[in-house]
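Survey of secondary and tertiary structure
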Amino acid sequence: MDSKSYFDLSSGYKIPVVGLGTSKCKVEELEQALNAALEIGYRHIDTASVYNNENTIGTVLKQWLDSGKVKREQLFVATKLAFFNHSLNGIEENVLRSLEKLKLDYVDLYLIHFPVNIEKKEGHGEVWKTLETDHIAMWKDLEEQVDKGRIKSLGVSNFNQKQIQKILDSNPKHKITNLQVELHVFLQQPELVEFCHKNNITITAFGPLGSPGYNEHLLKVGEKAINIPHILSNEIVRKISEKHSKTPAQVVLRFLLQNDVIVIPKSVKPERLRENFDLFGFVLEESDMMELRRLDMGEKGRIFNFSMIKGLSSHPEWPFGTDIYTI
Ligand SMILES: NC(=O)c1ccc[n+]([C@@H]2O[C@H](COP(=O)([O-])OP(=O)(O)OC[C@H]3O[C@@H](n4cnc5c(N)ncnc54)[C@H](OP(=O)(O)O)[C@@H]3O)[C@@H](O)[C@H]2O)c1
């Protein structure tokens, strides 16, 4: 079993296979967590314009870079284009704003966060107006940002296979190097993973632990809690973790790594950060992998339905099915 700590991107750069997820953190928590993560050895940081935390991340990274404790080329910073108001602000402006907040000259990976462009309304529960979303035009704008040296590698997030194929068919100058999607033992998406790997697109799993804190977040933003399947307390996961004297989190993350998938677990707790980074001292056997593969619930395992953004699921470029609210 290959235990590489980096995967090769088709752009020629390398992506660390374990990164730090940073959504839904309070500012002080994130500062401490990022410092702890960098001490532990994390070099891949995942953020997004919509997380409203690029500024905090930029401040911590600047301290590390200025002190010489880390060199820029050792870091891998990924951020994402917000899924609203592109036509109002323009893609270049979005990229520049992220770079300014991150206090960086370039990002290592820039992803289109969601295949839908929508006009943002302030206030909760408002139906947002859908905007025309032309992925090929967006990609061309992003390629210009690569040519200007502001982005090293390009990717997409939450795109389905058809949407990815459309960009591939346009024969882009800069390839899709990465797809970031929800992926965990309950939502394994084997066809999508195989399709991407065949097309030399690396995959990053978001919510790799099944996002145990997601309901807390939904309640905080005024949404109803949903029925989230508990991956970390699943019987099979626990049995395999006991067998290897590892934690359930380490087992489900290791499972993804052994499927050649990058993981970006989020934690603000140093002990968990350490645990989630310590994935290389053991190997899941084929029998363990088979048992974990059988936990796949298909679309019923999907947690992220983006329901807080009203109107999103009626957009023509909505990437998922219509049955995801039934979990
Ligand atoms: N592209 C997209 O649309 C998209 C969508 C969602 C997320 N993401 C990215 O993916 C990252 C990860 O997803 P996520 O944060 O939703 O879910 P996750 O990483 O699956 O789970 C995070 C939750 O698990 C807890 N946790 C972390 N390590 C643990 C451990 N070892 N044992 C038990 N519990 C543990 C965390 O709590 P504590 O912090 O209290 O430890 C937090 O509540 C995000 O932070 C974000 O960067 C991207």
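Residues numbered from 1 in each chain as written. Predicted model: local features only at pLDDT ≥ 70, side-chain atom pairs only at ≥ 80, totals over all residues. Heavy atoms only, no water.

Observations concerning empty space enclosed by the protein
According to the stated counting rule, one finds one cavity of 30 Å³ or more in the structure shown. Looking at the largest cavity, the residues that line it are Ser-49, Glu-54, Asn-94, Arg-97, Ser-98 and Lys-101. With four residues, the top contributor of residues to the lining of the largest cavity is helix α4 (residues 91-102). The residue inventory of the lining of the largest cavity, partitioned by class, reads no nonpolar, three polar and three charged. (1 Å grid on protein atoms, 1.4 Å probe; cavity = no way out; pocket = protein on both sides within 12 Å on 5 of 7 lines; lining within 4 Å. Points joined across faces, edges and corners; volume = space filled by probe spheres on them. Helix = DSSP H or I, 4+ residues; strand = E, 2+ residues; numbered from the N terminus. Nonpolar A, V, L, I, M, F, W, Y, C, P; charged D, E, K, R; others polar.)

Re the sheet that holds strand β6 (residues 107-112)
Within a sheet, adjacent strands bond to each other through the backbone by hydrogen bonds, running parallel or antiparallel. As summarised here, the arrangement of the eight strands in space is β3-β4-β5-β6-β9-β10-β11-β12, forming an open sheet in which the pairing is parallel. Both edges of this open sheet fall to β3 (19-21) and β12 (261-263), since each of them pairs with a single strand only. For this sheet, the mean angle separating the axes of adjacent strands, direction not counted, is 30 degrees. Where β3 lies against strand β4 (residues 44-46), three bridges are found, and the strand directions are parallel. When the bridges of β4 are listed, Leu-20 appears paired with Ile-45. (Pairing = 2+ DSSP bridges. Axes fitted to C-alpha atoms, helices over the stretch in contact; angles between N-to-C directions.)

What to know about the packing of aromatic side chains
On inspection of all chains with the given rule, the structure shows nine aromatic pairs. When the centroid spacing of 5.9 Å and the interplanar angle of 40 degrees are considered together, the rings of Phe-114 and Trp-318 count as tilted. You can see Phe-114 sitting in the loop between β6 and β7 (117-119) and its partner Trp-318 sitting in the segment after α12 (286-293), a full 204 residues away along the chain. Residue class for Phe-114 comes out buried when judged on its relative accessible area of 1%. Note on Phe-306 and Phe-320: the rings are 6.5 Å apart at their centroids and 20 degrees apart in plane angle, and the pair reads as stacked. Of the two residues, Phe-306 is situated in the segment after α12 and Phe-320 in the segment after α12; the sequence distance between them amounts to 14 residues. Looking at Phe-306, the relative accessible area reads 11%, which means it is buried. Through pairs of rings, three or more aromatic residues link up here, namely Phe-114, Phe-206, Tyr-214, Phe-304, Phe-306, Trp-318 and Phe-320. Above the face of the Phe-282 ring, Arg-254 is positioned so that its terminal group lies 5.9 Å from the ring centre. The lysine or arginine in question, Arg-302, covers the ring of Phe-320, its NZ or CZ lying 3.9 Å from the ring centre. (Phe/Tyr/Trp six-rings, centres within 6.5 Å; stacked < 30°, edge-to-face > 60°. Buried < 20%, exposed > 50% of the residue type's maximum accessible area, 1.4 Å probe, protein only. Lys NZ or Arg CZ within 6 Å of the ring centre and 35° of its normal.)

Considering a positive patch on the surface
A contiguous patch of positive charge, built from Lys-24, Lys-266, Lys-269 and Arg-272, is present on the exposed surface. Its place among the elements puts Lys-269 in the loop between β12 and α11 (270-277). Judged by relative accessible area, Lys-269 falls into the partly exposed class, the value being 43%. (Patch = residues over 30% accessible without salt bridge, like charges linked within 9 Å, V, L, I, M, F, W, Y side chains within 5 Å. Areas by Shrake-Rupley, 256 points an atom, 1.4 Å probe, with all protein chains shown as cover. Salt bridge = Lys/Arg side-chain N within 4 Å of Asp/Glu carboxyl O. Lys, Arg positive; Asp, Glu negative; His and termini not counted. Charge placed at Lys NZ, Arg CZ, Asp CG, Glu CD.)

Observations regarding the UniProt feature "site: Lowers pKa of active site Tyr" (unreviewed entry) in the protein chain
Here, the residues flagged by UniProt with the feature "site: Lowers pKa of active site Tyr" (unreviewed entry) are Lys-80. For Lys-80, the residues in contact, after removing those within four places along its chain, are Asp-46, Thr-47, Ala-48, Ser-49, Tyr-51, Tyr-110, Leu-111, His-113 and Gln-180. Within the structure, the side chain of Lys-80 is placed 2.8 Å from the side chain of Asp-46, a separation counted as a polar contact. (UniProt positions renumbered as here; feature names shortened; annotations may be inferred. Contact = heavy atoms within 4.5 Å. Polar contact = N/O pair within 3.5 Å; in protein donor to acceptor, adjacent residues only side chain to side chain.)

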